Amino acid sequence: MALRLGDEAPNFTAETTEGTINFHEWLGGGWGILFSHPKDYTPVCTTELGTVAKITPEFKKRGVKVIAVSVDPLDSHKGWINDINETQHTTMNYPIIADPDKKVSTLYDMIHPNAMDNMTVRSVFIIGPDKKIKLTLTYPASCGRNFDELLRVIDSLQLTSKYKVATPANWKDGEDCIITPAVNNDEAKTLFPKGFKTIKPYLRYTPQPNK
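- Going by the annotation in an unreviewed UniProt entry, the name recorded for the protein chain is Putative Peroxiredoxin, with Nitrospira japonica given as the source organism.

Listed below in structure tokens is the structure:
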């Protein structure tokens, strides 16, 4: 059964390139990203894993743990890491789950027969501190993922989990936010002392609360 936003992220125990983990225990009380790869030594995924290694400080700054999964075994992962480090000019600094029995892939509905009947599609799950799924994305094999966009989404998710705001199209951290419809104007004056402007009765902007 497909996972939906708001569902609890399934827990599992698995071998990774950094040892055995219980997924929920590994996440702890923070945010996490689980992203899948069809198999090791695939060209687009090699660039993706290298990119994430380079921007790991950005994820850490936001309190986000990152973990990858591929259906190949641990020995294959270790060899692939050497290639990632060499070709992407980086050093892998987060774990890759070994999933040769497709246990994790099946839990997260990563096997799509219409795409590939024996390999994971390239999915992304952002998981909140409550272990609930906050975002899902699935990419075709030909299109590399945009990790700047994932950082932007995390900024939005973390902001909107604390304040009664939403973020408009193309929003970036530090820009004005939208006051949610559940907040009336009187309450808004208290919640957002920096003020707000009304474009339409249902469309009100305020400076980002935590800036």
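Now that the structure has been shown, we can carry on.
**With respect to the packing of aromatic side chains**
Step number 1: The final tally for this structure, using the stated rule, is seven aromatic pairs.
Step number 2: Each ring, one from Y108 and one from F125, has its centre 5.1 Å from the other, and the planes form 70 degrees; the classification is edge-to-face. Of this pair, Y108 sits in the loop between α5 (103-107) and β6 (122-127) while F125 sits in strand β6, placing them 17 residues apart in sequence. No difference in accessibility class separates Y108 from F125, as the two residues are buried.
Step number 3: Here the aromatic residues F12, F23, W26, Y108 and F125 are joined through ring pairs into a cluster of three or more.

**Focus: the sheet that holds strand β11 (residues 203-206)**
Step number 1: Read from one edge to the other, the open sheet built from four strands follows the order β8-β9-β11-β10, with strand pairing classed as antiparallel. Of all strands in the sheet, those bounded by a partner on one side alone are β8 (165-166) and β10 (197-200).
Step number 2: Bridge count between β8 and strand β9 (residues 177-179): two bridges; the pairing is antiparallel. When the sheet's bridge partners are listed, V165 is paired in β9 with I179.

**Quick notes on the pairing of β11**
The side chains of a regular strand alternate, residue by residue, between the two faces of the sheet.
Step number 1: Residues R204 and T206 of β11 are buried on one face, while the alternating residues L203 and Y205, pointing to the opposite face, are not.
Step number 2: Pairing of β9 with β11 involves two bridges; the strand directions are antiparallel. Pairing of C177 across the sheet is with T206, part of β11.
Step number 3: Where β10 and β11 come together, three bridges link them in antiparallel fashion. Paired with K200 across the strands is L203, a residue of β11.

The rules behind each value
Residues numbered from 1 in each chain as written. Predicted model: local features only at pLDDT ≥ 70, side-chain atom pairs only at ≥ 80, totals over all residues. Heavy atoms only, no water. Phe/Tyr/Trp six-rings, centres within 6.5 Å; stacked < 30°, edge-to-face > 60°. Helix = DSSP H or I, 4+ residues; strand = E, 2+ residues; numbered from the N terminus. Buried < 20%, exposed > 50% of the residue type's maximum accessible area, 1.4 Å probe, protein only. Pairing = 2+ DSSP bridges.

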